[in-house]
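Each chain is listed here by its residues.
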Amino acid sequence: MARYRIKPENPSRAREAAVEYTRPVSQPFQAPGVYHVTVTDRGRLVLPAEVRERLKIRDGDRVAVRVEDDGTISVRTRDVAIKRLRGMFKRPAKQGRLPSDELIAERRREARKDDREFREWDARLRKAGK
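Note that residues are indexed from 1 along each chain, following the sequence as it is written. In keeping with the predicted nature of the model, local features appear solely for residues at pLDDT of at least 70, side-chain atom pairs appear and are counted solely at 80 or more, and the whole-chain, interface and lining totals rest on all residues. The basis for the side-chain values is all heavy atoms of the structure; hydrogens and waters are excluded.

> I'd like to hear about the side chain of Thr 77, residue by residue, with values.
Here a strand is any run of E in DSSP of at least two residues, a helix any run of H or I of at least four, and the numbering for each starts at the N terminus. Take Thr 77: it is sitting in strand β4 (residues 73-77). Classification of Thr 77 by relative accessible area gives buried; the value is 14%. Throughout, a contact is declared for two residues whenever any of their heavy atoms are within 4.5 Å. Excluding residues that lie within four positions of it along the chain, Thr 77 makes contacts with Leu 55, Ile 57 and Val 63. Each residue is placed in one exposure class: buried if its accessible area under a 1.4 Å probe, protein chains only, is under 20% of its type's maximum, exposed if it is over 50%, and partly exposed if it falls in between.

> Now, about the environment of Ala 81: what can you tell me, with residues and values included?
Within the secondary structure layout, Ala 81 lies in helix α2 (residues 78-88). For Ala 81, a relative accessible area of 28% puts it in the partly exposed group. Put simply, Ala 81 and Ala 64 are 17 residues apart on the chain and 8.0 Å apart in space, counted from C-alpha to C-alpha.

> For the pairing of β4, give the residues involved together with the corresponding values.
Strand pairing is defined by DSSP finding a minimum of two bridges between the two strands. Here strand β3 (residues 63-67) runs beside β4; their pairing, made up of five bridges, is antiparallel. Paired with Ala 64 across the bridge in β4 is Arg 76. Hairpin remark: β3 followed by β4, antiparallel, with five residues in the connecting loop; positive phi at Gly 71, about 95°.

> How would you summarise a negative patch on the surface if you had to cite specific residues and measurements?
Together, Asp 114, Asp 115, Glu 117 and Glu 120 make up a negatively charged patch on the protein surface. Relative to the assigned elements, Glu 117 resides in helix α3 (residues 99-129). The patches described consist of residues with a relative accessible area above 30% and no salt bridge, like charges being joined within 9 Å and nonpolar side chains (Val, Leu, Ile, Met, Phe, Trp, Tyr) within 5 Å. Per-residue and other accessible areas were derived by the Shrake-Rupley procedure at a 1.4 Å probe size, with only the shown protein chains allowed to occlude residues. A carboxyl oxygen of Asp or Glu within 4 Å of a side-chain nitrogen of Lys or Arg is what we treat as a salt bridge. Charged-residue counts in this description rest on Lys and Arg as positive and Asp and Glu as negative, His and the chain ends being excluded. Every charge is mapped to an atom, namely NZ of Lys, CZ of Arg, CG of Asp or CD of Glu.

> Talk me through the packing of aromatic side chains; I want residue IDs and the actual numbers.
Classification of ring pairs uses Phe, Tyr and Trp, with its six-membered ring standing for Trp, and accepts pairs whose centres are within 6.5 Å; under 30 degrees between planes counts as stacked, over 60 as edge-to-face, and the remaining range as tilted. If you walk through the whole model with that rule in mind, you get one aromatic pair. Consider the rings of Phe 118 and Trp 121, whose centres lie 6.0 Å apart with planes at 40°: the pair is tilted. Pair noted here: Phe 118 and Trp 121 are both in helix α3, with a separation of three residues, about one helical turn. Residue Trp 121 is classed as partly exposed on the basis of its relative accessible area, which comes to 44%.

Listed below in structure tokens is the structure:
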């Protein structure tokens, strides 16, 4: 089932025993893109090497783990989290007018109306003064 071995790389760091998992012969077919991981006694999840390579996760990298309301877990690397944050601050693409644009247009309509009323009032005064 599981054999423990000492990781020889990174001799400057404290060494710890890592579980080496072997695949039983009777294990059923695994769907592509689905990975099965085991939780160790300290609550650690070991990501398979293929997942780490695909997400470009190296030893010591920090990742964000998010637990959804329905019980699913998502793992995001730092680069993905930063890209999502940048996308939040982009201007919405033509989803209508901004409130500031509507306010400016309303003020311009009011100014044109005031000008028209003033010209009409001025014309009546000049006509009455003659």
